[in-house]
Amino acid sequence: MKILEVKDVNKRFGGLKALSEVNLSVEENTVHAIIGPNGAGKSTLLNCLVGKLIPDTGSVMFNGQSVLGRAPHEINQMGISRVFQTPEIFGDLTVMENMMIPCFAKRDGAFELNAISSVQSQKDIIEHAEHVLDDMNMLDKRHMVASAMSRGDKRRLEIGMCLSQEPRLLLLDEPTAGMARADTNNTIDLLKEIKSKRDITIVIIEHDMHVVFSLAERITVLAQGTPLVEDTPENIKGHPKVREAYLGESSGH
Amino acid sequence: MFGLDKKDTMLLLLVAALTALAPFLLNPFPEGSALAQFNAGYPDLMQRFVIFGIFAIGFNILFGLTGYLSFGHAAFLGVGSYAAVWMFKLLSMNVLPAIVLAVVMSGLFALLIGYVSLRRSGIYFSILTLAFAQMMFALAYSVLTPITGGETGLQLALDDPRILDGGVETGGNIPVPGLFGMEMRDSVQLELGAWVFTFNFGYYFAAVVMLIAFYIAIRIFRSPFGMMLRAIKANQQRLNYTGLNTRPYTLAAFVISGMYAGLAGALMASMDPLAGAERMFWTASGEVVLMTILGGVGTLIGPILGAGAIKYMENIISKINSDILHNWFAFLPDGLEDLLVTLVYPFIGKGWHLTLGIIFMLVVIFLPGGLVEGGQRVARLFKSKKTDSSAAKPQTEPGE
C-alpha cells in the first residue's frame, strides 16, 4: 500500500522554480531516501509534506487523506512526525519533560486545558515516557536539562520524542548533518533498530551516501526541483544520470 | 497537602505565614523613633502589597511561562475596577458580586484582546497589547465617560440603586464596601509598649484572596497545561510539529492572567471604591513587568516579592524629604552634612524612580533571575560555608 503519494507538485518562490512536477510515492513500511545536490528542492518538498509550505499546484495524500491546507499540528496528529536538521527540542525543559510532551499530544490531542491535576499524577504518561527513554538508552539522563546534552544525544531524544507518538510516517531531514563519523554510525544503528522493532515508514533526506545506502530500500534522486529517477539503491549507484547530476559532483563519497 | 508536593506546600505555608504576620513583620520600628518612617505595616500599603502581588502572579503565568510579554495588562486591572464599582453602585456593597463580575469582565476583554494580539509573537505582540491598552485608556478617559466617569473617575453616590442593599439604612453617608457586615476599613490596633500594630479586615481579606490565587498559580505551574506553556517558551516550532496547537494554549494563559488582573482591580476598588482611567495607563502596565522581572520571571514567589519591593519603595522612599535627610546627617559637620544631603536628595521623595531604576539595573545585570536568584545565591553561600566547616569534602554539587 502507498502511504504517501505526492502528485504533480509545483512550488515557486518568486522567479525561482523550487519544485516542478514532483511525483513521489512511498510504500508503507519501507525506508525511502530522497537525495539530491544542494538546491535540488529536498527541503522544500519536505516542508510541503508537513504543512510548513503549501504547494502552488498538485496534491499530497497521506494514508488516503490530503494534507494540503492543514496546520503542522494537524498533520502530526494524522500520524506524521518530523525530525529537523538541527535537533529541535525543548532546551529549557528536562529530558523527561521533553519526552512527556509528545505523549500528552498523543493522548489528549492538539489542545487540552488540563491545568489543575499535576504532571506527577499522570502515571500513564510517565510510564510511557520512561519506556521510550529506556528504549533510547536515555533513562539515566531523564533529569538533565535538555540543552545541556551533546548534539548526538539531542538527536536521539528528538527521534525518541517522535517515536513516542507511534507515527505511521517518520520524516528525517538530514539527521546526520554535522555529525562525527561515530555519531553518524550510531544514528544509522538506531534507525535500523527502530525499523526492525516496529511497523513504520521512514522518509529520509540525506546528503551522506553512506547513510543512504545503509538504510534506504528505495531512493528518489531530485535535481533542480524534479525527480530524476526512483529505484533501488543498487540500481541508483550505477545509474549514469545520477552519477552526472549528483554523485559525479561529490566524488568523495 | 492540597495536591501539592512537599516543597510547594512549604512555599505556600511560608507565604501564608508571611502575609498573616505582615502587620508585625512590616512594623519593626517603635512608633515615634527615627526609623518609624520605614514601617510599612499600615493597612493602605499592606493592601497594596497583596493586591499588586495578585496582579504580578497572574502576569507571571503569561510572561513567566510562555514568554509572551504583554505591555497592556493594566487594561484588565482597570476593567476589573470599573466592573467592581458598578456592582457596588447597582447591586450591593458586598465585595463578592463585585469580584465575580470583575473577573468575568476582565476575562472577556482578555479573550478578545488576546485573540487578536496572539496572532503575532515577540515585539509585535507587545506592541499590539500596548496599543489595545492605550485605546482602552483613551476610551475610558473620554469617549465612555457615562460608563467610566471620565477624568474624575467612577465614584459611588448616595442615590445609587444598590438593589440588594435596599433596606439598609445608610444614615446619609455613602456606604463602604464590606463582606457580610464586616467593612473593609475595619481595623483593630494592638499597642505593645512603643509599638503599634494594625490589623485591618480589608488587608486580611485581600491576603486570603492572594493565597488562593497563589495556590491556583502553583497548581497551574505544576500541571500539564503549565508544562505546555513552558514548552511554548522553549521551542514553539517543535511544539507545533509535535501535534499541539499553541494558539489556544497561549490564549488560555492570556485570559487567565487577565482574570488575575481583573481580580486585583476588583480588590483595589473594594479597598477604595473609586476607579479611574489612570489605572489603565501604560506606565501601570510597565510597572507589573518591572515587578515580575525584579522578583524573578517564571518563579512562583518572585512576582510577590517584586510587587512588594516596588510598592515599598514607591511609598516609603518617596516619603523621605530633605528635612528627614538633614536629621539623619545632623551628627556630621555642617559642610559635609549639606554635601551629603545634596548628593542623596535626587534619589528620594519624587526621585524614588531614580532609586528604583538603579536597583532594577543592578538586578537585571547581576541577578538575571531576580530577587529569587539573589535569595538562592545567599542560601547556597550559607550551605557551602556550613559544609566547608563541618568537613573538608570537595564541593561539586550541581547547581540547583
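In this text, all values refer to a predicted model and were calculated from it rather than measured experimentally. (Residues numbered from 1 in each chain as written. Chains lettered and ligands numbered in written order. Predicted model: local features only at pLDDT ≥ 70, side-chain atom pairs only at ≥ 80, totals over all residues. Heavy atoms only, no water.)

Looking now at a nonpolar patch on the surface. Residues and elements named next belong to chain B. Together, Leu-14, Leu-18, Leu-21, Phe-24, Leu-25, Leu-190, Leu-192 and Trp-195 line one region of the surface with nonpolar side chains, adding up to about 690 Å² of accessible area. Within the residue set of the nonpolar patch, elements represented by two or more residues are helix H1 (6-20), helix H2 (22-25) and strand E4 (187-192). By secondary structure assignment, the location of Leu-18 is in helix H1. Residue class for Leu-18 comes out partly exposed when judged on its relative accessible area of 42%. (Patch = residues over 30% accessible without salt bridge, like charges linked within 9 Å, V, L, I, M, F, W, Y side chains within 5 Å. Areas by Shrake-Rupley, 256 points an atom, 1.4 Å probe, with all protein chains shown as cover. Salt bridge = Lys/Arg side-chain N within 4 Å of Asp/Glu carboxyl O. Helix = DSSP H or I, 4+ residues; strand = E, 2+ residues; numbered from the N terminus. Buried < 20%, exposed > 50% of the residue type's maximum accessible area, 1.4 Å probe, protein only.)

Here the focus is the nonpolar core. In terms of nonpolar packing, the biggest core is built from 162 residues, with Met100(A), Ile101(A), Leu157(A), Ile204(A), Ile54(B), Phe214(B) and Phe225(B) touching the most fellow members. If you tally residues by element for this core, the top one is helix H11 (residues 246-271) of chain B, at 16 residues. Counting only domains with at least three residues in this core, you end up with domain 1 (2-79 + 167-247) and domain 2 (90-151) of chain A. If near-sequence neighbours (up to four positions away) are discounted, Phe214(B) is found in contact with Leu11(B), Leu12(B), Val15(B), Ile57(B), Leu300(B), Ile301(B) and Ile304(B). Judged by nonpolar contacts, the second largest core, of 28 residues, contains Leu4(A), Leu24(A), Leu46(A) and Val60(A). (Core = buried A, V, L, I, M, F, W, Y, C linked by side-chain atoms within 4.5 Å. Domains from an automatic or database assignment. Contact = heavy atoms within 4.5 Å.)

This part covers the side chain of Thr220(A). Residue and element names in this part refer to chain A. One can find Thr-220 in strand E9 (residues 218-223). Given the relative accessible area of 2%, Thr-220 is considered buried. One polar contact links Thr-220 to His-32, side chain to side chain, over a distance of 2.7 Å. Setting aside its immediate chain neighbours within four residues, Thr-220 contacts Leu-24, His-32, Ala-33, Ile-34, Ile-35, Pro-227, Val-229 and Glu-230. (Polar contact = N/O pair within 3.5 Å; in protein donor to acceptor, adjacent residues only side chain to side chain.)

This next bit is on the domain arrangement of chain A. All names here are of chain A. When the domains of chain A are assigned, the result is domain 1 (2-79 + 167-247) and domain 2 (90-151). Spacing between the C-alpha centres of domain 1 and domain 2 amounts to 28 Å. On the side of domain 2, 6 residues touch domain 1, which itself brings 9 residues to the contact. Both sides together, the interface formed by domain 1 and domain 2 hides about 520 Å², and carbon and sulfur atoms give 46% of it. The set of elements that each furnish at least two residues to the side of domain 1 that touches domain 2 consists of helix H2 (72-78) and helix H6 (181-197). The leading source of residues in the side of domain 1 that touches domain 2 is H6, at 4 residues. Its residues assigned to classes, the side of domain 1 that touches domain 2 shows 3 nonpolar, 3 polar and 3 charged. (Buried area = accessible area lost by both parts, 1.4 Å probe. Nonpolar A, V, L, I, M, F, W, Y, C, P; charged D, E, K, R; others polar.)

When the charged atoms of two side chains with opposite charge come close together, those side chains can pair. Summed over the entire model, instances satisfying the criterion amount to 21 salt bridges over all chains. Of the charged contacts, one joins Glu97(A) and Arg230(B) as a salt bridge, the two residues approaching to 2.7 Å between their closest N and O atoms. You can see Glu97(A) sitting in helix H3 (residues 95-108) and its partner Arg230(B) sitting in helix H9 (residues 224-234), one on each of two chains. In this structure, Arg48(B) engages Asp44(B) in a salt bridge whose closest nitrogen and oxygen atoms are separated by 2.4 Å.

As a further point, take helix H5 (residues 151-163) of chain A. In this model, H5(A) (13 residues) spans 18 Å end to end at C-alpha, consistent with the 18 Å of a helix rising 1.5 Å per residue. Burial analysis of H5(A) places 10 of its 13 residues in the buried class, which makes it a mostly covered element. (Expected span 1.5 Å × (residues − 1).)

Time to look at the packing of aromatic side chains. Throughout the structure, instances matching the rule amount to 14 aromatic pairs over all chains. Aromatic side chains Tyr68(B) and Phe125(B) sit 5.0 Å apart centroid to centroid with 90° between the ring planes, which places their arrangement in the edge-to-face category. With Tyr68(B) in the loop between helix H3 (43-66) and helix H4 (74-90) and Phe125(B) in helix H6 (residues 122-143), this residue pair connects regions lying 57 residues apart in the sequence. Among the residues examined, Phe125(B) registers a relative accessible area of 0% and is labelled buried. In textbook terms, an aromatic cluster arises when at least three aromatic residues are bridged by ring pairs, as seen for Tyr68(B), Phe76(B), Phe125(B) and Phe254(B). Positioned above the aromatic ring of Phe213(A), the side-chain terminus of Lys237(A) is 4.8 Å from the ring centre. A cation sits over an aromatic face here: Lys311(B) above Phe52(B), 3.9 Å from the ring centre. (Phe/Tyr/Trp six-rings, centres within 6.5 Å; stacked < 30°, edge-to-face > 60°. Lys NZ or Arg CZ within 6 Å of the ring centre and 35° of its normal.)

Attention now goes to the packing of helix H12 (residues 282-295) of chain B against helix H13 (residues 302-316) of chain B. All names here are of chain B. Packing of H12 against H13 leaves a shortest axis separation of 7 Å and a crossing angle of 120°. As judged from the angle between their axes, H12 and H13 are oblique. You can see that H12 and H13 cross each other, and the crossing is right-handed. Across from Glu-287, Leu-290, Met-291, Leu-294 and Gly-295 in H12, the residues of H13 making contact are Gly-302, Pro-303, Gly-306, Ala-307, Ala-309, Ile-310, Lys-311 and Glu-314. Class assignment for the residues of the contact of H12 with H13 results in 7 nonpolar, 3 polar and 3 charged. (Axes fitted to C-alpha atoms, helices over the stretch in contact; angles between N-to-C directions. Parallel < 35°, antiparallel > 145°, perpendicular 65-115°, else oblique. Left-handed = near helix turned anticlockwise from the far one by under 90°.)

Moving on to the environment of His210(A). All names here are of chain A. Structurally, the position occupied by His-210 is in helix H7 (residues 209-215). A relative accessible area of 35% means that His-210 is categorised as partly exposed. Here the alpha-carbon distance between His-210 and Met-161, two residues 49 residues apart in the chain, equals 25 Å. Discounting chain neighbours no more than four positions away, the residues touching His-210 are Arg-181, Asn-185 and Ile-188.

A word on the interface of chain A and chain B. The figure often quoted for interface size is the accessible area lost as the parts come together. Taken together, the contact between chain A and chain B spans 37 residues of the former and 24 residues of the latter. In this assembly, chain A packs against chain B so that about 2,700 Å² is buried in total across both faces, 64% of it on carbon and sulfur atoms. If you sort the residues of chain A by the area they bury against chain B, His73(A), Phe90(A) and Phe111(A) come out on top, with a joint share of 20%. Across the contact surface, chain A and chain B share 2 salt bridges. Applying the counting criterion to the chain A and chain B interface returns 20 residue pairs in polar contact (both at pLDDT 80 or more).

Residue and element names in this part refer to chain A. Across 5 bridges, E9 lies against strand E10 (residues 226-231) in antiparallel orientation. Each bridged residue has a counterpart across the sheet, and for Ile-219 the counterpart in E10 is Asp-231. Joining the antiparallel neighbours E9 and E10 is a turn of 2 residues, in which Gln-224 adopts a positive phi near 50°. (Pairing = 2+ DSSP bridges.)

Our next topic: the packing of H1(B) against helix H8 (residues 201-222) of chain B. Residue and element names in this part refer to chain B. H8 packs onto H1 with a crossing angle of 165° between their chain directions and a minimal axis gap of 10 Å. Comparing the axis directions of H1 and H8 gives the class roughly antiparallel. Here the hand of the crossing between H1 and H8 comes out right-handed. Seen from H1, the contacting residues are Asp-8, Leu-11, Leu-12, Val-15, Ala-16, Thr-19 and Ala-20; seen from H8, they are Tyr-203, Tyr-204, Ala-207, Met-210, Leu-211, Phe-214, Tyr-215, Ile-218 and Arg-222.

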